[in-house]
Structures are given as structure tokens and as C-alpha cells.
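# Fold and geometry: a report
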Amino acid sequence: MKVGVFLEDFSPDVGGGYTIQEDIFRALLDLMDETSHSFVLFCRRPEAFRSLLTTPRLTAVAFPGNLGQRVFARAQSGLNSLIESRQRQTRLEQLCKENGVEFMWFVGAEGVQIDLPYMAIVWDLQHRLQPWFPEVSAGGTWRQRETFYVEYLRRATYIIAGTDAGRLEIERLYQETSNRIMILPHPTPAFALNAKPADVASVPKKYGLRSNYLFYPAQFWSHKNHANLLLAAAELKREHQIDMQVVFVGSNKGNEEYVRTFAAELNPSIDVAFLGFVPLEDLVALYRGAFALGYVTFFGPENLPPLEASALGCPVIASDVSGAREQLGDAALFVDPRSPMQIAAAIKELHDNESLRNTLIDKGRARAERWTATEFVRGVFAALDEFEPVRRCWR
């Protein structure tokens, strides 16, 4: 089959969406000899890819998009939104016809419901499960997400979920049948798996950090739960006399000012560093120099930073949200993200038990190495092979 590959126009500061797409694209390049299918990339800037397209079975065409905005995350409503969605759908269908595309693979969470067989991926359905968070509800976002998923998932030939928990959510919330849902775990980012040894101390020193800091790389969305991690650090200092610096890395998505104010008003006061968006090489060193990752998000069912931390030798404290135990197994300490006391207790347990900390590091590395973009792309190839005999039945 000739397969369209739709790449969202993400930039590195967006985070996980960019990381997953880049790794999958590079794995596709590496595995072209393992498949008989040909591929057409749909992307905003095809000229950026053409030097990498070394086989006639892989080409690229331009498809206009809005930088860093997913279809379901646009805070628009009414007729203008419907017109824009239909225009994108019609334009993509026209380009597919011009390029002989028979099947579309939407690599990221953005997609367009089209009159072609297609493969979708679901990162989360939290607007249905936790609609009170403003980033999935405010300004018309809830309506946009729901309208998008109702049509998009019901028309999909295949839907990729990262965990069985994710599969069950899709089945329950959108009445999809299990035979159309594939479980392909989100791959551990290649930058973490392939990172070279480096001077761990120099980067924390560059940012003026203390040793043994608690690390939390997450965009400043409210669901990332920075507030309860800060309360846990205050609890740790007040009740256990453990004064641990908290280091936040991530772009501001509208909640950073609130988190800064929240941190400043804590009693007892704690040491908090806000580093913003950092270069990838600095991120690697920050993981390696951390006492632990405190990943206390309210959202599941999968998250990339715990896998990044595990690959880089940083022990993981993670929220016990749906899907987390399936993703991380026994390679993390799990906490209730609503409980600062429980988060503080997990940090103290690692602080007091060096053997446990080392065990989590070893188990984490093994866990992170289980899932790569290579396995993910091979799973997609298998689905394409399965569907090809069906697709050949019409023009």
C-alpha cells in the first residue's frame, strides 16, 4: 500500500508530542527495508526532510498546519471552527488523491477525519475522565476535544493505545470494539536510551542547583500537580528535617505564575528552582544528577518522563493513576497525587534506603529498554500488512 504519514508541526519545547514523532520518523527511515509499503510524509516543511528521503518509496509533500496546536486543543467554537475543520479535511483528501495514498497513519494526536482508511493514536482521554482541569475544558476546549474524538475514533480503521488501561478507556467512553484497538506502548525516547556518559555535575552547577534535588520536568499545566509536590517538600522539611530542593523544568502553559506564587507562600519556605525550557543535553544531565524524579501528574495512562528518567539512572516516584503500574511495573514508587503526605513519605523512603533507591535504578533501566520506536514501527507495519488484503478491494 501507499501509506500517508501525517506529522504534526510540533517544536521541541512542546515536549512529549515532539519526542515521540521524531523517534518514530527516524525508526521508519531505519526500517524501510523491512516493509514493502511505500510512504508519503504530510508535514508543514517537507524541505526539512528531503535530505533524509533516500529511497523512492518515501516522499514528502506540504500540508499547512498551525505550529504547536492540535485540532482538538484549539479554543474555538461555532461555525468558524467547523469551516476550518472541513477545509483541512478536504485539502488533505485532495492531496491524498493526488499522491495515490491508500491509507493514512496519523503519527501524533492531531488528525483529520477523512474518507480513507486511517490509523489513529490516543494519548489520553482526560477531558472525559477529569473535565475539571481548565486545559481540557476551558474556552471551548472540552467541546472541541469531544467533537473531534467522537468522529475521529469511530471512523478509524485502527486505534493505537499504549496500555490495556488506555484500551479499556477507549472502549468504555467511545464504544469502540477491541479488535480495532492495538496496544503499542509509547517508546522510551531515544535521546535517553542513547545518551553518552557526561560530566553530571557541571549542568546542575550551571543552574546553581544544590545536590540531591527532586526533579520534575513537566509543562506548567494545572494537571501536572506542581502544587502538591511543593506541599510534599514542605512536609518533608517540617516533619522530617529533610530540606530538599525542588527543580522544575518545562514551558509555561498558563499556570507557572500561580505555581510561583504558591511556592512563595509556603510555610515552611522551600528551595524551588524554575529553569524553564532547557536544551536536551542539559535535560539529560539534570535527570542524571537528580535524587529522584517526582512525577506527580493527575493524567495517565502513559507518561514519557518516567521512562526518560529510568533510562538515565534516575529513580522514579510516580502518580498511581490508571495505566501507570502497567507502564512502570515494579520500577517506581507509586503515590496518590492528591496526598502531599504520601508523596513526602515516598521521598523519605528513598532518602533513608539507599538499597531501595539502587534497586529502582536497576529495574528502571531494564524497564525503559523494553520499548523503543523500532518495536513501535514494526507493530504499525504488522497492522498495515494485515489490512492490505482488505484495501486492495477498491480503487
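Residues numbered from 1 in each chain as written. Predicted model: local features only at pLDDT ≥ 70, side-chain atom pairs only at ≥ 80, totals over all residues. Heavy atoms only, no water.

## As for the overall build of the protein chain
Worth spelling out the cut-off: A run of H or I in DSSP becomes a helix once it reaches four residues, and a run of E becomes a strand once it reaches two; helices and strands are each numbered from the N terminus. The atom set for the radius of gyration is the C-alpha atoms, and the globule formula is 2.2 Å times the number of residues raised to the power 0.38. The buried label goes to any residue with under 20% of its type's maximum accessible area, the exposed label to any with over 50%, and the partly exposed label to all in between, with areas taken from a 1.4 Å probe on protein chains only. Whether two residues are in contact is decided by their heavy atoms: any pair within 4.5 Å suffices. Accessible surface is estimated by sampling points in the Shrake-Rupley manner with a 1.4 Å probe; for residues, cover comes only from the protein chains shown. Charged residues are defined here as Lys and Arg on the positive side and Asp and Glu on the negative side; His and the ends of the chain fall outside this count. Charge placement uses NZ in Lys and CZ in Arg. For Asp and Glu, CG and CD serve respectively.
Secondary structure assignment for the protein chain yields 15 helices and 13 strands. Over its C-alpha atoms the protein chain spans a radius of gyration of 22 Å, differing by no more than 12% from the 21 Å that the globule rule assigns to 395 residues. Looking at the protein chain as a whole, 58% of its 395 residues are labelled buried. Sequence separation of 24 or more characterises 69% of the internal contacts of the protein chain that already satisfy a separation of 6 or more. Surface summary for the protein chain: the accessible area is close to 17100 Å², and the carbon and sulfur share equals 50%. Taken together, the 42 basic and 48 acidic charged side chains of the protein chain have centroids lying 4 Å from each other.

## Some thoughts on the nonpolar core
Condition: Residues grouped as a nonpolar core are buried Ala, Val, Leu, Ile, Met, Phe, Trp, Tyr and Cys residues, joined through side-chain atoms within 4.5 Å.
Among the nonpolar cores identified, the biggest contains 104 residues, and Trp 105, Met 119, Leu 230 and Phe 248 are the most heavily contacted of them. The element best represented in this core is helix α15 (residues 373-391), accounting for 8 residues. Not counting the four nearest positions on each side in its chain, Met 119 is found in contact with Phe 103, Met 104, Trp 105, Phe 106, Tyr 152, Tyr 158, Ile 160, Met 182, Val 380, Ala 383 and Leu 384. Grouped together as the second largest cluster of nonpolar side chains are 29 residues, Phe 6, Val 61, Met 104 and Ala 156 included.

## A look at the pairing of strand β5 (residues 118-121)
Which entries qualify depends on this criterion: One requirement defines pairing of two strands: DSSP has to find at least two bridges between them.
In β5, alternate side chains face the same way, and those of Tyr 118 and Ala 120 on one face and Met 119 and Ile 121 on the other are all buried. One ladder, built from 2 bridges, connects strand β4 (residues 103-106) with β5; its direction is parallel. The residue of β5 that forms the bridge with Trp 105 is Met 119. Relative to strand β6 (residues 158-161), β5 runs parallel, the two being bridged by 3 bridges. Across the sheet, Ile 121 pairs through a bridge with Ile 160, a residue of β6.

## Comments concerning helix α4 (residues 141-155)
Our working rule: Expected helix span is given by 1.5 Å per residue-to-residue step, counting one fewer step than there are residues.
Helix length check: α4, at 15 residues, gives a terminal C-alpha distance of 21 Å against a target of 21 Å (1.5 Å per residue), a fit within 8%. Of all the positions in α4, only Thr 141, Gln 144, Arg 145, Glu 146, Phe 148, Tyr 149, Tyr 152 and Leu 153 are classed as buried.

## Some words on the side chain of Asn 255
Looking at the secondary structure, you find Asn 255 in the loop between β9 (246-249) and α9 (256-264). Asn 255 has contacts with Phe 220, Trp 221 and Ser 222, leaving out every residue within four places of it along the chain.

## What about unusual backbone geometry?
Put simply, Asn 267 and Pro 268 share a cis peptide bond, and its omega is 5°. With respect to the helices, strands and loops of the structure, Pro 268 is situated in the loop between α9 and β10 (272-274). Cis rather than trans, the peptide bond between Gly 300 and Pro 301 has omega equal to 5°. Position of Pro 301 among the secondary structure elements: in the loop between β11 (292-295) and α11 (305-311). The residue Gln 175 is not glycine, and still its phi comes out positive at about 55°. Here Gln 175 lies in the loop between α5 (164-174) and β7 (181-183). According to the relative accessible area criterion, Gln 175 is exposed, its value standing at 52%. Residues other than glycine seldom take positive phi values, yet Asn 225 does so here, at roughly 70°. Structurally, Asn 225 is set in the loop between β8 (214-217) and α8 (226-240).

## Some remarks on the sheet that holds strand β13 (residues 333-335)
For clarity, the cut-off: Working convention: axes come from line fits to C-alpha atoms, limited for helices to the stretch in contact. Angles between N-to-C directions cover 0 to 180 degrees.
Pairing within the open sheet is parallel, and its 6 strands lie in the order β10-β9-β8-β11-β12-β13. Every interior strand has two partners, whereas the edge strands, β10 and β13, have only one. Here the average twist between neighbouring strands, direction ignored, is 25°. As defined by bridge partners, β8 adjoins β11 across 2 bridges and the pair is classed as parallel. When the sheet's bridge partners are listed, Leu 214 is paired in β11 with Ala 292. In this fold helix α10 (residues 280-289) packs onto β8, β9 and β11, with an angle of close to 145° to the strand it touches most, β8.

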